[in-house]
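Residue-level structural notes
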Amino acid sequence: MPLRLFPLASVVLFPGQRIDLRVFEPRYRLLMAECVQEGEPFGVALIREGAEVGGPAVPHDVGTLARLTGITPTRDGMLHVTAVGTQRFRITARDDSRPYLRAEVEPVRDEFAEVNSEVLRFARSGLVRARELRALANGEYEREYRVPEHPGPVADAIAGQAPVEATRLQAILETTNVSQRLDTVLPMLDSVIAPARLEIGRAHV
């Protein structure tokens, strides 16, 4: 399927993760306008070669479809765009005929493997704890947080919040074996929970 691409230099989007973009280049304003007009998603992919602004960029082959959830024009002429990642894709061909990059892509499916139930339970409880701590720091009550049931989305939820360098996150995005992906991100769980604890500390100073 054809897909409009929004390459980014330091951001890896995972399925289920929200992304906020400040769009100012004319080529990407055009991209967003076409997505709205056609009711289509766009693709977010980490840049492998090139620059995010101005010149051409060559993205990694695996990225994530992004569904638009909001576009707000700003006074300085930018667009504040919010979107949610939905599905991994793999680029099979690139098209440079438009002002922005387009590509032919195919969906990337998870390879389901046996996952240790205790590991999955620990990962899910860590996500709940991080969410509860953030709610407390903001003076809110977390009424309901639906943690993903399956290991693939659980791993994606952890990776999408972890303060890890983009190249490492890209390797996780490309890992289709769900057991291996969960094992890889589990050590990152503390780095997801720790900032929430710090937020609580700052809130009570």
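Here goes a summary of the coordinates provided. (Residues numbered from 1 in each chain as written. Predicted model: local features only at pLDDT ≥ 70, side-chain atom pairs only at ≥ 80, totals over all residues. Heavy atoms only, no water.)

1. Overview of the overall build of the protein chain
For clarity, the threshold we go by: In DSSP terms, a helix is any run of H or I states spanning at least four residues, a strand is any run of E spanning at least two, and both are numbered starting from the N terminus. Categorising residues by exposure relies on relative accessible area from a 1.4 Å probe, with only protein chains included: less than 20% of the type maximum marks a residue as buried, more than 50% marks it as exposed, and the intermediate range marks it as partly exposed. In what follows, residue pairs with any heavy atoms lying within 4.5 Å of each other are defined as contacts. Areas reported here follow the Shrake-Rupley algorithm with a probe of radius 1.4 Å; residue values treat only the protein chains shown as occluding.
The secondary structure content of the protein chain amounts to six helices and seven strands. For the protein chain, the sequential pattern of α-helices and β-strands runs β-β-α-β-β-β-β-β-α-α-α-α-α. Sorting the 205 residues of the protein chain into buried and exposed places 41% on the buried side. Taking the contacts inside the protein chain whose residues are at least 6 apart along the sequence as the reference set, 68% of them involve residues at least 24 apart. When the accessible surface of the protein chain is totalled, it reaches about 11,200 Å², and 50% of it is carbon and sulfur.

2. Side note on the packing of aromatic side chains
Two numbers describe a pair of aromatic rings. These are the distance of the centres and the angle of the planes. To be explicit about the condition: Note on ring pairs: Phe, Tyr and Trp rings are taken, using the six-membered ring of Trp, and paired if centres are within 6.5 Å. Classes follow the plane angle, with under 30 degrees stacked, over 60 edge-to-face and the rest tilted.
Summed over all chains, the structure comprises two aromatic pairs. Three or more aromatic residues link up through ring pairs in this structure, and these residues are Phe6, Tyr28 and Phe42.

3. Quick look at the side chain of Asp156
Along the polypeptide, Asp156 turns up in helix H3 (residues 151-159). Assessed through its relative accessible area of 5%, Asp156 is described here as buried. The residues contacting Asp156, other than those within four sequence positions of it, are Phe14, Pro15, Arg88 and Arg181.

4. Quick word on helix H5 (residues 178-185)
Our working rule: Note: the arc covers the axis-to-C-beta directions of the helix. The definition of a polar contact used here is a pair of N or O atoms within 3.5 Å, where within protein one atom must be able to donate a hydrogen and the other to accept one, and adjacent residues in sequence count solely through side-chain atom pairs.
Residues of H5 that are buried include every one of Val178, Ser179, Arg181, Leu182 and Val185, and no others. Taken down its axis, H5 places every buried residue within 165° of arc, on the same side. The N-cap of H5, judged by a side-chain oxygen 3.1 Å from the amide nitrogen of Ser179 a few residues on, is Asn177.

5. Overview of the pairing of strand S7 (residues 102-107)
Our working rule: One requirement defines pairing of two strands: DSSP has to find at least two bridges between them.
Here strand S1 (residues 2-8) runs beside S7; their pairing, made up of three bridges, is antiparallel. Across the sheet, the residue bridging to Arg4 is Arg102, located in S7. Taken together, the six bridges between strand S6 (residues 79-95) and S7 define a ladder with antiparallel strand orientation. The partner of Ile91 across the bridge, within S7, is Val105. In textbook terms, the turn of a hairpin is the stretch between consecutive antiparallel strands, and for S6 and S7 this stretch comprises six residues.

6. Description of the pairing of S6
Bridge count for strand S2 (residues 18-23) against S6 is six bridges, and the pairing is antiparallel. Within the sheet, the bridge partner assigned to Val23 lies in S6 and is Leu79. The sheet contact formed by strand S5 (residues 62-73) and S6 spans 10 bridges and is antiparallel. Of the residues in S6, the one forming a bridge with Pro73 is Leu79. Following S5, the chain reverses through five residues before pairing antiparallel with S6; Gly77 in that reversal takes a positive phi of roughly 90°.

7. Description of the nonpolar core
Convention followed: The definition of a nonpolar core used throughout is a set of buried Ala, Val, Leu, Ile, Met, Phe, Trp, Tyr and Cys residues joined through side-chain atoms within 4.5 Å.
In terms of nonpolar packing, the biggest core is built from 27 residues, with Ile158 and Val185 touching the most fellow members. When contributions to this core are tallied by element, the ones reaching two or more residues are helix H2 (117-137), H3, helix H4 (166-173), H5 and helix H6 (189-203). Non-local contacts of Val185, meaning those with residues more than four positions away in its chain, are made with Ala155, Ile158, Ala159 and Ile172. If you look at the next biggest cluster of nonpolar residues, it comprises 17 residues, including Leu13, Leu21, Val81 and Tyr100.

8. Thoughts on the environment of Arg168
Relative to the elements of secondary structure, Arg168 occurs in helix H4. When the C-alpha atoms of Arg168 and Val12 are compared, they prove to be 9.5 Å apart, with 156 residues separating the residues in sequence.

9. Quick notes on the pattern of salt bridges
So the rule is basically this: A pairing counts as a salt bridge when a side-chain nitrogen of Lys or Arg comes within 4 Å of a carboxyl oxygen of Asp or Glu.
Inspection of the entire model under this criterion finds 12 salt bridges. In this structure, Asp110 engages Arg181 in a salt bridge whose closest nitrogen and oxygen atoms are separated by 3.0 Å. Taken together, the residues Asp110 in the loop between S7 and H2 and Arg181 in helix H5 connect sequence positions 71 residues apart. By relative accessible area, Asp110 is classed as partly exposed at 24%. For Arg181, a relative accessible area of 0% translates into the label buried. One salt-bridge network, held together by shared partners, links Arg4, Glu34, Glu40 and Arg98.

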